[in-house]
Amino acid sequence: MPRAWHPSPFLRASAALHLAGTAGIALQPGLWPWVAGALVADHALLAAAGLWPRSRLLGPNLRRLPPERAARGEVALTFDDGPDPDATPGVLEILSRAGCRASFFCVGRRAQRHPGLVADMAAAGHGVENHTHRHLKRFSLLGPRGVAREVDGAQAALTALAGRPPSYVRAPAGLRNLCLEPVLARRGLRLASWTRRGFDSLHGDAMAVAGRLLRRAAAGDILVLHDGGGARDGRGRPVVLEALPRVLDGLSRAGLRPVPLPPAD
């Protein structure tokens with residue numbers, strides 16, 4: 001269901017600056033160096049906002065669970081970049097043993113290569129969400145049509161495989177530009193980032209990965225691990241398979257309950 005797109009105050013201010021600059025040059029052409037400098041600075045700020053995954057300057061961004069969920073001691077456990085036959089089955093087994101559910105941000109093409117893993121996620125009650133179709137490193141450089149193709153490709157693939165449409169989108173590495181929010185609004189989707197991440201895509205030390213997520217962990221947090229493309233431990237296994245039990249144990253001792261992301265409004 002589409003939702004209204006309202007430019008953020010930051011984007012409205014940017015648009016106003018462009019209009020004022022154009023009017024200023026029309027009235028006083030000699031102002032162009034000052035106007036050009038202001039516009040360059042504005043575009044740098046726009047780019048920086050897209051390179052800050054938790055930023056809300058470009059539009060709504062779910063960084064924490066709603067207050068009512070936090071009041072119940074819930075934390076959202078999310079996994080990126082799968083499905084991957086090396087890691088996803090083990091992650092699903094660990095979650096099943098612990099009686100926990102999570103949200104999996106799946107890459108469309110990877111899901112098409114491993115449809116059974118997506119079906120397993122859905123059958124176990126986990127959320128299956130949209131992590132774009134190809135997980136392009138240049139996603140934040142795409143224009144509106146390119147962004148729409150990436151979102152729509154994954155949305156179609158994951159809906160067919162999971163039996164229900166994803167509600168959330170997470171940009172590759174969280175990096176995006178101002179084209180994303182209008183695309184999501186027209187499709188009734190929501191952007192989700194995180195409160196804290198374990199950096200298990202970069203580091204193979206399971207204790208350090210778990211420590212990053214558990215240090216200062218609080219009710220309402222959204223946590224990120226990777227069931228695809230993650231680092232490996234000293235034995236060559238995906239580090240998430242050793243880190244996840246540590247995370248679940250630490251959350252339990254802190255009185256926190258892992259859950260999937262809530263249904264989007």
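Here the structure is shown first, and the text comes after it.
Residues numbered from 1 in each chain as written. Predicted model: local features only at pLDDT ≥ 70, side-chain atom pairs only at ≥ 80, totals over all residues. Heavy atoms only, no water.

Asker: Can you help me understand the overall build of the chain in this one?
Answerer: Secondary structure summary: the chain contains 10 helices and 8 strands in total. When the 265 residues of the chain are sorted by exposure, 49% land in the buried category. For the chain, the share of sequence-separated contacts (at least 6 apart) that also reach a separation of at least 24 residues comes to 76%. (Helix = DSSP H or I, 4+ residues; strand = E, 2+ residues; numbered from the N terminus. Buried < 20%, exposed > 50% of the residue type's maximum accessible area, 1.4 Å probe, protein only. Contact = heavy atoms within 4.5 Å.)

Asker: Would you take a moment to explain the environment of Arg110 for this structure?
Answerer: By secondary structure assignment, the location of Arg110 is in helix 5 (residues 108-113). Classification of Arg110 by relative accessible area gives partly exposed; the value is 26%. When neighbours within four sequence positions are excluded, Arg110 is seen to be in contact with Asp81, Gly82 and Pro83.

Asker: Even after reading the chapter, I still don't get the nonpolar core, so can you show me in this structure?
Answerer: Side chains that are nonpolar tend, in soluble globular proteins, to be buried together. Core analysis: the largest hydrophobic core is formed by 35 residues, its most contacted members being Leu77, Phe79, Val91, Leu95, Phe104 and Leu244. Those elements that provide at least two residues to this core are strand 1 (74-82), helix 4 (88-98), strand 2 (103-106), helix 6 (115-123), helix 7 (144-162), helix 9 (206-214), strand 7 (222-226) and helix 10 (240-253). With 7 residues, helix 10 is the largest single contributor of residues to this core. With residues near it in sequence (within four places) discarded, Val91 still touches Phe79, Phe104, Asp227, Val240, Leu241 and Leu244. Membership of the second largest hydrophobic core comes to 14 residues, among which are Leu136, Val169, Ala171 and Leu184. (Core = buried A, V, L, I, M, F, W, Y, C linked by side-chain atoms within 4.5 Å.)

Asker: It is not clear to me how the packing of helix 4 against helix 6 should be interpreted in this structure. Could you clarify?
Answerer: When two helices pack together, their arrangement is given by the angle between their axes and by how far apart the axes lie. One way to put it is that helix 4 packs onto helix 6 with a least axis distance of 11 Å and a crossing angle of 15°. As summarised for this structure, helix 4 and helix 6 are arranged roughly parallel, according to the angle between their axes. Considering only the axes of helix 4 and helix 6, their crossing is left-handed. Contact residues: Thr88, Pro89 and Leu92 in helix 4; Leu117, Asp120 and Met121 in helix 6. Its residues assigned to classes, the contact of helix 4 with helix 6 shows 4 nonpolar, 1 polar and 1 charged. (Axes fitted to C-alpha atoms, helices over the stretch in contact; angles between N-to-C directions. Parallel < 35°, antiparallel > 145°, perpendicular 65-115°, else oblique. Left-handed = near helix turned anticlockwise from the far one by under 90°. Nonpolar A, V, L, I, M, F, W, Y, C, P; charged D, E, K, R; others polar.)

Asker: What is the right way to read the pairing of strand 3 (residues 127-130) from this model?
Answerer: If a strand is regular, its side chains alternate between the two faces of the sheet. Burial along strand 3 is two-sided: the residues Gly127 and Glu129 and Val128 and Asn130 are all buried. Pairing of strand 2 with strand 3 involves 4 bridges; the strand directions are parallel. By the bridge assignment for strand 3, Phe104 is matched with Val128. (Pairing = 2+ DSSP bridges.)

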